[in-house]
Structure formats: structure tokens, C-alpha cells
Amino acid sequence: GGAVLLVTVGVLEFLQGISAIAKDQVIIAGIEYTYQFDVTAWGWIHLVLGVIVAGIGAALFTGAGWARVGAMTICAVSIFANFLWLPYYPWWSITIIALNAVVIWAVATWNPEAF
């Protein structure tokens, strides 16, 4: 279950990046913000992060030990990036943060011997 969700998070992150790079009208650059980057820079961050997240999600299907550690690490990075992205698109960020938290829980509690 965690692998499917991780690939989904990666695709959503990738689409978020494309939306920001294309300067979609949905994304609002509002008040001055401490961690403010150009929306295009954020777009590239999310695009690259989405590809990495989806790639690790695909590797997680193999059950590799490194993929479990990688999944938890990249989800933590994604949570951090989406926390900084909150002022631009709060509901999307909160959704991605929640999905990443579920993936971390699923990967951390997965017991391959149970199957």
C-alpha cells in the first residue's frame, strides 16, 4: 500500500511543479515570506522532488531495504518542502504533507514476514 501511495504522492508533486513552472493562475504569490523563492524555482523543486518520490515508490514495489529507508527520507524532505510551500497553495500542501505522513507510517510499520 505504501508503494502505491508513494508513487501517487510523486505524481501529485510532479504536477504541482508543472503548475508552478507554467505560472498557473491557481498559485498565488501573496505576502512577503521568509522562505520565499520565485514560483518557478519552487516549481522546479517540486518537479524534481516528484520524480524522485515516484522513482523511490516504484523501487519500493521490489521490497528493497534501501527503498524503505529512501521512502521515509524523501517523504521527510517532501514534508519540509511542502511546509515551506504552504503560503502559496495551503490546501494542496496540507494534502501532500498528510499523504507523506501516511507513507512514512505505512513503510515504517510494514512487516514483510506477515505475508
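Scroll up a little and you will see the structure.
Below or above, wherever it landed, is the structure these notes cover. (Residues numbered from 1 in each chain as written. Predicted model: local features only at pLDDT ≥ 70, side-chain atom pairs only at ≥ 80, totals over all residues. Heavy atoms only, no water.)

1. Quick look at a nonpolar patch on the surface
Taken together, the side chains of Val11, Phe14, Leu15, Ile18 and Val51 present a nonpolar region at the surface, about 390 Å² in accessible area. In terms of residues, the nonpolar patch owes the most to one element, helix α1 (residues 2–21), which gives four residues. Here phenylalanine 14 is to be found in helix α1. (Patch = residues over 30% accessible without salt bridge, like charges linked within 9 Å, V, L, I, M, F, W, Y side chains within 5 Å. Areas by Shrake-Rupley, 256 points an atom, 1.4 Å probe, with all protein chains shown as cover. Salt bridge = Lys/Arg side-chain N within 4 Å of Asp/Glu carboxyl O. Helix = DSSP H or I, 4+ residues; strand = E, 2+ residues; numbered from the N terminus.)

2. Section: the side chain of serine 93
Along the chain, serine 93 turns up in helix α4 (residues 90–109). One polar contact links the side chain of serine 93 to the main-chain carbonyl oxygen of asparagine 82, over a distance of 3.4 Å. In this structure serine 93 touches Asn82, Trp85 and Leu86, once residues within four positions along its chain are discounted. (Polar contact = N/O pair within 3.5 Å; in protein donor to acceptor, adjacent residues only side chain to side chain. Contact = heavy atoms within 4.5 Å.)

3. Considerations on the nonpolar core
Leu6, Trp42, Val53, Leu60, Ala71 and Trp85 are the most contacted members of the largest nonpolar core, which has 23 residues in total. For this core, the secondary-structure elements that each account for two or more residues are α1, α2 (39–60), α3 (65–85) and α4. Residue contacts for leucine 60: discarding those within four places in its chain leaves Gly2, Ala3, Leu6, Ala67, Arg68, Ala71 and Val107. (Core = buried A, V, L, I, M, F, W, Y, C linked by side-chain atoms within 4.5 Å. Buried < 20%, exposed > 50% of the residue type's maximum accessible area, 1.4 Å probe, protein only.)

4. Some thoughts on the side chain of asparagine 82
Here asparagine 82 shows up in helix α3. In terms of polar contacts, asparagine 82 uses its side chain to reach the side chain of glutamine 16, at 3.5 Å. Once residues lying within four places of it in the same chain are set aside, the contact partners of asparagine 82 are Glu13, Gln16, His46, Ser93, Ile96 and Ile97.

5. Description of the packing of aromatic side chains
Taken as a whole and assessed by the stated rule, the structure comprises two aromatic pairs. When the ring of tyrosine 89 is compared with that of tryptophan 92, the centres are 6.0 Å apart and the planes differ by 20°; the resulting orientation is stacked. The partly exposed category is assigned to tyrosine 89, whose relative accessible area is 26%. (Phe/Tyr/Trp six-rings, centres within 6.5 Å; stacked < 30°, edge-to-face > 60°.)

6. Digging into the environment of valine 103
Relative to the elements of secondary structure, valine 103 occurs in helix α4. Residue classification places valine 103 among the buried residues on the basis of a relative accessible area of 0%. Each C-alpha atom of the pair valine 103 and leucine 6 lies 6.4 Å from the other, and the pair is 97 residues apart in sequence. Residue contacts for valine 103: discarding those within four places in its chain leaves Gly2, Leu5, Leu6 and Cys75.

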